[in-house]
Every structure is written in structure tokens, then in C-alpha cells.
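Listed below, chain by chain, are the residues.
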Amino acid sequence: SIYKVRFASLNSLYVCGLSRRVCMIDIRTNQKPLATGTDPHSVHFTALDVHPARPHNFVTGSNNGLVNIWDNRNMARPSCSVQVHSSAVWDVHFLPNLATSVISCGEDGLLY
């Protein structure tokens, strides 16, 4: 199952879901993903957002409360991983006026 899809540019997008993988796909081709990242600590990804000024950076939320920041130039593992919530992350966003910060909400009822 796919949970989230977000455009990184006019021709590429990120997709994440139950597979424990987040993929970057070039929509002009019908080939394998350009890049794939896997989080060994999550069962699946539940949230996704792309940095407004740096589309090579994106953030994911997971069913176990983790918030991960990624760089698609090195998707072997997240650039940063923080246990923010005690249960599933429902949504994540880069703050538009402070793009170095991320906000998340979770099943635990908290907003970070």
C-alpha cells in the first residue's frame, strides 16, 4: 500500500508506504526508482513532505513515532532520525517560513 506521494520537481516524486521503503521516481520513464531508502527501525512510513527550497531533502514519519530527514543524494539511511512520538506519526511538514524546522503530529495527540 502507498500512504503518501509528494512531488520533488515537475518530473520526480517521492512515494512511501507499507514497504518500509521510500522511493524517488522519475515520472517521465517507466523504469525502476531513481533512489530508494529503507528505515530498518520502522514497519512502514505514514507521512512525507519535501523541503520547499531543497527538493533533495525530505522528511518522513513512521508508524512507530520516528521522524526521519533524508537526502536523496545518499538514501542508504536517514540523515537524521528522532523518536518524536510514542505512536504513529500522522503528518509531517517543513515550516514554510523556517525551512530548517519540521512540525509533526501523531496518534499520541501531540504536535512537535
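Because the structure is a prediction, the values reported are computed rather than measured.

*Asks:* Is there a simple way to explain the packing of aromatic side chains in this structure?
*Replies:* The relative placement of two aromatic rings is captured by the distance of their centres and the angle of their planes. One pass over the structure, following the stated rule, counts three aromatic pairs. A centroid spacing of 6.2 Å and a plane angle of 70 degrees characterise the contact between Phe45 and Trp70, whose relative ring orientation is edge-to-face. Placement of Phe45 in strand 5 (residues 45–50) and of Trp70 in strand 7 (residues 66–71) is noted, with a sequence separation of 25 residues between them. Classification of Phe45 as buried rests on a relative accessible area of 0%. Their ring planes at 0 degrees and their centres at 6.0 Å tell us that Phe58 and Trp70 sit as a pair that is stacked. Residue Phe58 is found in strand 6 (residues 57–62), and its partner Trp70 is found in strand 7; the two are separated by 12 residues along the sequence. With relative accessibility at 0%, the residue Phe58 sits in the buried group. By the ring-pair criterion, three or more aromatic residues cluster together here, those being Tyr14, Phe45, Phe58 and Trp70.

The rules behind these values
- Residues numbered from 1 in each chain as written.
- Predicted model: local features only at pLDDT ≥ 70, side-chain atom pairs only at ≥ 80, totals over all residues.
- Heavy atoms only, no water.
- Phe/Tyr/Trp six-rings, centres within 6.5 Å; stacked < 30°, edge-to-face > 60°.
- Helix = DSSP H or I, 4+ residues; strand = E, 2+ residues; numbered from the N terminus.
- Buried < 20%, exposed > 50% of the residue type's maximum accessible area, 1.4 Å probe, protein only.

That's the geometry; what it means functionally is another story.
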